[in-house]
Amino acid sequence: MNTILITGCSSGFGLETARYFLDRDWTVIATMRTLRDDVLPRSERLRLQQLDVTDSDSIARAVEAAGPINVLVNNAGVGLLNALEGVSMDNVRDVFETNTLGAIAMTKAVLPQMRERRAGVVVNVSSSVTVRPLSLLSVYTASKAAVNAFTESLALELQPFGVRARLVLPGAAPETAFGDNARARMGMNFPEPYAALAAQVFARMQQRRAVTRALDVAEAVWRAATDPSCPMRLPAGADAVEAAAAAAAG
Ligand SMILES: NC(=O)c1ccc[n+]([C@@H]2O[C@H](COP(=O)([O-])OP(=O)(O)OC[C@H]3O[C@@H](n4cnc5c(N)ncnc54)[C@H](OP(=O)(O)O)[C@@H]3O)[C@@H](O)[C@H]2O)c1
């Protein structure tokens, strides 16, 4: 029986990925900062677990309670859209604490059991903005670019132990709560000199044709988890595939 532990399952990509693996007969440990038992279908193969990836006690409790895990998905993340001048260093630390250090801490906590079993996969959810940079996302992009670098180096050191690490790079997904959650946490006060740029960025967002669906991300996580030959970086979503192709073409 295969078991997957996913962080950030209260909404968006994490929730969809939990559903996707449940539908395919995996045991799913769906972790959430605030537990909700009304978002996923009832199943004997579903376990809900409280987990805040910025809290080391919470991580230790969750990993202890989980037992053997075949696949870890570091999906929990927060957004931050603003000019660098408009964000506080507390905001910057907050984003890195969740997106970067949270993923590293979870991986570190789960690795010993995978290394001992000589099997396992770590899937880190990054972002296509790391290959196609966009305005007003410098801090967020840096937090995810660090996840890319972390994962690519870690994959090499885990190879001798039969443990894989992969990256999923979603594009922009208006359907998830990501934007609203970012606004609620960080506010949206653009410094006056950046107001015109912010207006342009929002206008461009409205014109987007290709976007990412949560299902695209679940499918990419599935491939990363189950196909040992899949590439290190998997773009997820039509816009992410476009961004990856453009980056490859230089
Ligand atoms: N949506 C996009 O456009 C987009 C594009 C590229 C990449 N991504 C990445 O995809 C991942 C999922 O985003 P999403 O679009 O599904 O957004 P979402 O709907 O806002 O989901 C984010 C999840 O992360 C959880 N989370 C936040 N901080 C946490 C913490 N400290 N500990 C544990 N869980 C925490 C949230 O829980 P709460 O409900 O408790 O806040 C929520 O379940 C993120 O890593 C994000 O950076 C998103």
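Residues numbered from 1 in each chain as written. Predicted model: local features only at pLDDT ≥ 70, side-chain atom pairs only at ≥ 80, totals over all residues.

## Concerning the site of the ligand
- Surrounding the ligand, one finds 28 residues, the nearest of these being G8, G12, A76, G77 and T176.
- Only α1 (12-23), α3 (89-117) and α5 (178-186) provide two or more residues apiece to the shell around the ligand.
- At three residues, the largest contribution of residues to the shell around the ligand is made by α1.
- The class makeup of the residues in the shell around the ligand is 11 nonpolar, 15 polar and two charged. (Near = placed C-beta within 6 Å. Helix = DSSP H or I, 4+ residues; strand = E, 2+ residues; numbered from the N terminus. Nonpolar A, V, L, I, M, F, W, Y, C, P; charged D, E, K, R; others polar.)

## A short note on the sheet that holds strand β5 (residues 120-125)
- Here we have seven strands laid out as an open sheet, ordered β3-β2-β1-β4-β5-β6-β7, and parallel in their pairing. The open sheet terminates on both sides in strands that have one partner only, identified here as β3 (46-50) and β7 (233-236). Averaged over neighbouring strand pairs, the angle between their axes works out to 20° when direction is ignored.
- Sheet topology note: the strand β6 (residues 163-170)/β7 ladder contains four bridges and is parallel. Paired with P170 across the bridge in β7 is A236.
- Helix α2 (residues 56-66) contacts β1 (3-6), β2 (27-32) and β3 of the sheet and is inclined by roughly 160° relative to β3.
- With respect to the sheet, helix α8 (residues 238-249) is in contact with β6 and β7, its orientation differing from that of β7 by roughly 135°. (Pairing = 2+ DSSP bridges. Axes fitted to C-alpha atoms, helices over the stretch in contact; angles between N-to-C directions. Contact = placed C-beta atoms within 7 Å.)

## Considering the nonpolar core
- Ranked by size, the top nonpolar core spans 55 residues in total, and within it I4, V123, V168 and V221 carry the most contacts.
- The leading source of residues in this core is helix α7 (residues 214-226), at eight residues.
- Those residues within four positions of V168 in sequence are excluded, and the remaining contacts are V123, V125, S126, V217, A220, V221, A224, L234 and A236.
- Listed in part, the nine residues of the second largest apolar core include V87, V95, V139 and Y140. (Core = buried A, V, L, I, M, F, W, Y, C linked by C-beta atoms within 7 Å. Buried ≥ 20, exposed ≤ 12 C-beta atoms within 10 Å, placed from the backbone.)

## Notes on the pairing of β6
- Burial of β6 is extensive: eight of the eight residues sit out of reach of the surface.
- Burial along β6 is two-sided: V163, A165, L167 and L169 and R164, R166, V168 and P170, pointing in opposite directions, are all buried.
- With six bridges connecting them, β5 and β6 associate as parallel partners. In the sheet register, V122 faces β6, and the bridge partner there is A165.

## Some details on the pairing of β5
- Burial analysis of β5 places six of its six residues in the buried class, the great majority of the element.
- One ladder, built from four bridges, connects strand β4 (residues 71-74) with β5; its direction is parallel. Following the sheet pairing, L72 is matched in β5 by V122.
- After leaving β4, the chain enters α3 and then returns to the sheet as β5, a path that is right-handed. (Right-handed = clockwise from strand over helix to strand, strands pointing away.)

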